[in-house]
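# Structural description and commentary
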Amino acid sequence: MADSRDACVVWFRRDLRLSDQPTLLAAADAAPRALALFVLDPRLLGPSGPARRTFLYGCLRELDAALGGKLLVVRGDPADVVPRIAKAVGAATVHIAADFGPYGRERDEVVEKSLAADGCELVRSGSPYAVAPGRVTKGDGGPFKVFTPFRRAWADHGWRAPAETGPRTVEWIDPADKDGGPRAVGIPDDEKVDAELPEPGEAAALRRWTEFLDGGVEDYGGTRDRPDKPGTSRMSVYLKYGCIHPRTILADLARQRSASAGTYRTEIAWREFYADVLHQRPDSARKNYDRAFDALPVASGKGAEERFAAWKEGRTGFPIVDAGMRQLREQAWMHNRVRMIVASFLVKDLHLPWWWGARYFMQLLVDGDLASNQHGWQWTAGSGTDASPYFRIFNPITQGERFDPDGDYVRRFVPELGGIPGKQVHQPWKLQDGIPDGYPEPIVDHKVEREEALARYERVKAAR
Ligand code: FAD
């Protein structure tokens, strides 16, 4: 490839879209032509699990099509690959959206140094968030540890209007045209995934968002907690891969009048809050945010492994928990209310470490996102910022009766209970004929485990 330095590189990562894409504006300012690049990084692909990998490959295919087949996809360590490609196209700049995750931030610093050695600059424009992590601070400049004041300060801070960009903002280099260019590996084939995955890519994200905006957002406040209804937006996976930017969503919400639009904006704020928390405390991806929880005794050994297996398989004998875990397998997604119920059950009924559950979620969830997942888990476990108090222990029976009042959600995912009408499905052990064949007895007694959880919590209190 020529080394005329009249080109730049747009390195896509978690921003697989062309509209509302500030990196394209920066690239168009920097050079007349740009190479679109995606690096298949084994360090990220490995832990992603087949559902997320397959969804990602679908997004890459869509992006490539929108770029007229000009997306260069290579495999390897970005620290080697990106400088090599920048050199090959004679780029003076490589454009990215800033990554604030613990691995991404470190990776980008290494790539930046390596590019600088060749006289090439890594240019960060925007991020996967409306407000970049670290920007919203308390009056004294310190980070927020509690959600509600963060949300207020975040809203006061505000965000830019969506960037007006599209496929033609940049003139794209055709990687196939160039002699001696980097060897492309192409987009891998889909993997074998048992779960039914959402349609990948930017066009699908915009379609889903418009559908929700036109139909669902008005009722969102009333139905978002009901797993038996299609009341939530299902946008998490599109936000995860940047098929849509939260700014686009927030701009559309600002034109809505309903109270539900405000509720939805608060949910977007949770995503931004957790990214901010992970940015200030990268260790919280693996460790208790509140280190007093290191003193909480957790189960271990064969019994713990057996309980964990029953939880994963959706065979705990608690219908709402089992329905949630089976939804996770069938759809690589779980309703937020049920995520809280199954997480609480793992931590407070089975006394297992939250990070066992968090790791399993990250293997299966198509929207698996380190910040939202680890902090969703820590919130439920009581060890996170702004956590729900540890002593507020979810009762899986009353949660089921309240949020799946007719039992439709349970019957949909637990066919063994399909013949039990109404909310009786939440307590099959009370049926006159006994528990239907093939469905297990409850593996624990919730009342007993609740007391046990509270007793264990005393150790945390003593450690403060
Ligand atoms: P909606 O109700 O339509 O919400 C709109 C958007 O707001 C979501 O797409 C998401 O981006 C954001 N949002 C909503 N609730 C939360 C929340 N509690 N925390 C952060 N962002 C939120 N979300 C993920 O995106 N990835 C995860 O890996 C993840 N793991 C979780 C693990 C646990 C234990 C818990 C309790 C929650 C987790 N969440 C996670 C948050 C939430 O469950 C999902 O974002 C939501 O269920 C996605 O469905 P939706 O897009 O239909 O949500």
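Below, the structure is looked at part by part. Small disclaimer: the values here were computed from a predicted structure and weren't measured.

Looking now at the overall build of the chain. What the chain contains, in helices and strands, is 18 helices and 6 strands. For 464 residues, the compact-globule estimate of 2.2 N^0.38 gives 23 Å, and the chain sits close to it at 24 Å. C-alpha extents for the chain along the principal axes are approximately 80 × 50 × 50 Å. The contacts of the chain with a sequence gap of at least 6 include a subset with a gap of at least 24, amounting to 79%. When the accessible area of the chain is evaluated, it comes to approximately 20,100 Å², of which 48% is carbon and sulfur surface.

Within the fold, Asp99 resides in the loop between strand S4 (91–96) and helix H4 (102–117). A distance of 2.9 Å separates a polar atom in the side chain of Asp99 from the backbone nitrogen of Gly101. Only 3.2 Å separates the side chain of Asp99 from the side chain of Arg107, close enough to count as a polar contact. When neighbours within four sequence positions are excluded, Asp99 is seen to be in contact with Arg13, Gly104, Arg105, Arg107 and Asp108.

Attention shifts here to the pairing of strand S5 (residues 121–124). Of the pairings in the sheet, the one linking S4 to S5 comprises 4 bridges and is parallel in character. What sits directly across from Thr93, in S5, is Glu121. Chirality of the crossover, the property in question, places the unit of S4, H4 and S5 among those that are right-handed.

Take the site of the ligand next. Near the ligand lie 27 residues; those nearest to it are Tyr220, Thr232, Ser233, Arg234 and Asn336. Note that an oxygen atom of the ligand is positioned 2.6 Å from one of the side-chain N or O atoms of Tyr220. Contact distances for the ligand include 2.9 Å between a nitrogen atom and a backbone N or O atom of Asp367. Summarising the interface, the protein chains cover 95% of the accessible area of the ligand, which totals 810 Å² for the free molecule. Contributing elements (two or more residues each) for the shell around the ligand: helix H8 (236–240), helix H10 (259–280), helix H13 (336–349) and helix H15 (370–381). Class assignment for the residues of the shell around the ligand results in 13 nonpolar, 8 polar and 6 charged.

In the structure shown here, the tally under the stated rule is 28 salt bridges. Asp108 serves as the salt-bridge partner of Arg13, at 2.8 Å between the closest nitrogen and oxygen. Of this pair, Arg13 sits in the loop between strand S1 (7–12) and helix H1 (22–30) while Asp108 sits in helix H4; the two residues are 95 residues apart in sequence, bridging distant segments of the chain. We note that Arg13, like Asp108, is buried. A salt bridge links Glu449 to Arg307; the shortest N-O distance between them is 3.9 Å. One end of the pair, Glu449, is in helix H18 (residues 446–463); the other, Arg307, is in helix H11 (residues 301–313), and 142 residues separate them in sequence.

Next up on the list: the nonpolar core. Judged by nonpolar contacts, the single largest core of 105 residues is most densely connected at Phe12, Trp172, Tyr264 and Trp311. Residues within four places of Trp172 in sequence aside, it is in contact with Val10, Phe12, Leu18, Leu24, Ala34, Leu35, Ala36, Leu67, Lys70 and Pro167. Core analysis: the next-biggest nonpolar cluster, separate from the first, contains 21 residues, Trp11, Leu35, Cys120 and Leu122 among them.

Within strand S2 (residues 33–40), 7 of the 8 residues are buried, leaving the element largely enclosed by the surrounding structure. Looking at chain direction, S1 and S2 are connected through 6 bridges and run parallel. Bridging across to S2, Cys8 finds its partner in Ala34. With H1 bridging S1 and its parallel neighbour S2, the resulting β-α-β unit is right-handed. Pairing geometry for S2 and strand S6 (residues 171–172), over 2 bridges, is parallel. Looking at S6, one finds that Ala34 is bridged to Trp172. With 5 bridges connecting them, S2 and strand S3 (residues 71–75) associate as parallel partners. Residue pairing for S3: Phe38 is matched across the bridge by Val73. Between S2 and its parallel partner S3, the chain crosses via helix H2 (residues 42–66), and the hand of that crossover is right-handed.

Turning our eyes to something else, we now look at the packing of H11 against helix H12 (residues 319–331). Angle between the axes and distance between the axes: these two values describe a pair of packed helices. Contact geometry of H11 with H12 gives a least axis separation of 7 Å together with a crossing angle of 70°. In this view, H11 runs roughly perpendicular relative to H12, as classed from their interaxial angle. Each of Trp311, Lys312 and Glu313 in H11 lies in contact with H12, whose residues at this interface are Val321, Met325, Arg326 and Arg329. Partitioned by chemical class, the residues of the contact of H11 with H12 number 3 nonpolar, no polar and 4 charged.

Our focus in this paragraph is the environment of His351. For His351, the location among the structural elements is in the loop between H13 and helix H14 (354–364). A residue is classified by how much of its surface remains accessible, and His351, at 4% relative accessible area, is buried. Note: C-alpha distance between His351 and Glu306 (45 residues apart in sequence) is 12 Å. Once residues lying within four places of it in the same chain are set aside, the contact partners of His351 are Val298, Ala299, Arg307, Leu346, Glu449, Glu452, Ala453 and Arg456.

Okay, the packing of helix H5 (residues 147–157) against H10 next. Remark: H5 packs on H10, axes separated minimally by 10 Å, with the N-to-C direction vectors making an angle of 105°. The orientation of H5 relative to H10 falls into the category roughly perpendicular. On H10, the residues that touch Phe147, Phe150, Arg151, Trp154 and Ala155 of H5 are Arg265, Thr266, Ile268, Ala269, Trp270, Glu272, Phe273 and Asp276. In terms of residue class, the contact of H5 with H10 is made up of 8 nonpolar, 1 polar and 4 charged.

On to unusual backbone geometry, then. Positive phi outside glycine occurs at Asp20, with the angle close to 45°. Residue position: Asp20 is located in the loop between S1 and H1. For Asp20, a relative accessible area of 3% corresponds to the buried category. Of note, His351 is a non-glycine position whose phi angle comes to about 60°, a positive value.

Procedures and definitions
Residues numbered from 1 in each chain as written. Predicted model: local features only at pLDDT ≥ 70, side-chain atom pairs only at ≥ 80, totals over all residues. Heavy atoms only, no water. Helix = DSSP H or I, 4+ residues; strand = E, 2+ residues; numbered from the N terminus. Rg over C-alpha atoms; globule rule 2.2 N^0.38 Å. Contact = heavy atoms within 4.5 Å. Areas by Shrake-Rupley, 256 points an atom, 1.4 Å probe, with all protein chains shown as cover. Polar contact = N/O pair within 3.5 Å; in protein donor to acceptor, adjacent residues only side chain to side chain. Pairing = 2+ DSSP bridges. Right-handed = clockwise from strand over helix to strand, strands pointing away. Near = heavy atom within 4 Å. Nonpolar A, V, L, I, M, F, W, Y, C, P; charged D, E, K, R; others polar. Salt bridge = Lys/Arg side-chain N within 4 Å of Asp/Glu carboxyl O. Buried < 20%, exposed > 50% of the residue type's maximum accessible area, 1.4 Å probe, protein only. Core = buried A, V, L, I, M, F, W, Y, C linked by side-chain atoms within 4.5 Å. Axes fitted to C-alpha atoms, helices over the stretch in contact; angles between N-to-C directions. Parallel < 35°, antiparallel > 145°, perpendicular 65-115°, else oblique.

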